[in-house]
Amino acid sequence: CCETNVISSKMCDIHSTIDDYKSSCKASSQEPSNFIMTVLNKEKELSQRREKSHEDPAITMKMYLAGNNKLIQAGRLGDNDCAALHKTLSNNIFVTSLDLRYNHITDEGVEHIANLIRETSTLKEINLMNNDFGEEGARHLAQALLNNETVTSLRVNGNKFGNRGGMEFAGMLQVNTVLEHLDL
């Protein structure tokens, strides 16, 4: 999937995404999340089945890490997991959607996601609804989206950012012309 002469340092398939996630965790002396590894390994299995049946490999992935996923009982994600995802996905062109709803992500974790928004050019959809972040997290996201040209959908309802956080998003919408769907 990667053309070496065009995209040499970007992760563009499930195998490189898994390898980079493990490396990111190891570099920060953090154990890989069972939840994230389960989701990545399921995508890897799908990819291997496609290869065996001579189907085209997936060229993108929607990373579904919703904390209320009843099929995966590995625990909800927190701020350290967001740091590892930031490191993993900042050079990744395979993952185009990140669903982190119903986890335990605070302002600290949202800051990592905001930095990811600044550094990646392939994330189109982000779902952070029903987490634990407030006004500071809303400010981080709004600032990251000011000049972003790829994120078209952001869901942040169910968080505690109040009127001031809402005003941060309102200010961002005065500048950002790409965001099509904002759920507050």
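Residues numbered from 1 in each chain as written. Predicted model: local features only at pLDDT ≥ 70, side-chain atom pairs only at ≥ 80, totals over all residues. Heavy atoms only, no water.

1. Observations concerning the overall build of the chain
Short version of the rule: Helix and strand definitions follow DSSP, with helices as H or I runs of at least four residues and strands as E runs of at least two, each counted in order from the N terminus. Put simply, the radius of gyration uses C-alpha atoms, and a globule should come to 2.2 Å times the residue count raised to 0.38.
Counting its secondary structure elements, the chain contains six helices and five strands. Going from the N terminus to the C terminus, the chain shows its helices and strands as α-α-β-α-β-α-β-α-β-α-β. For 184 residues, the compact-globule estimate of 2.2 N^0.38 gives 16 Å, and the chain sits close to it at 16 Å. Referenced to the eigenvectors of the C-alpha coordinate spread, the extents of the chain come out at roughly 50 × 35 × 30 Å.

2. A short note on a negative patch on the surface
Put simply, the test is: Candidates for patches are residues over 30% relative accessible area with no salt bridge; among them, like charges are joined within 9 Å and nonpolar side chains (Val, Leu, Ile, Met, Phe, Trp, Tyr) within 5 Å. The Shrake-Rupley method, run with a 1.4 Å probe sphere, supplies the accessible areas, and residue values consider only the shown protein chains as cover. Here, a salt bridge means any Lys or Arg side-chain nitrogen found within 4 Å of an Asp or Glu carboxyl oxygen. We score Asp and Glu as negative and Lys and Arg as positive, and we do not count His or the chain ends. The location of each charge is read from NZ of Lys, CZ of Arg, CG of Asp or CD of Glu. Relative accessibility thresholds used throughout: buried, under 20% of the residue-type maximum; exposed, over 50%; partly exposed, between the two (1.4 Å probe, protein chains only).
A contiguous patch of negative charge, built from Glu 108, Glu 111, Glu 135 and Glu 136, is present on the exposed surface. Relative to the elements of secondary structure, Glu 111 occurs in helix H4 (residues 107-119). Glu 111 sits in the partly exposed class, given a relative accessible area of 34%.

3. Brief notes about the pattern of salt bridges
In the structure shown here, the tally under the stated rule is four salt bridges. Here Arg 49 and Glu 45 are joined by a salt bridge, their closest N and O atoms 3.9 Å apart. Of this pair, Arg 49 and Glu 45 both sit in helix H2 (residues 34-52), four residues apart, roughly one helical turn. Judged by relative accessible area, Arg 49 falls into the exposed class, the value being 52%.

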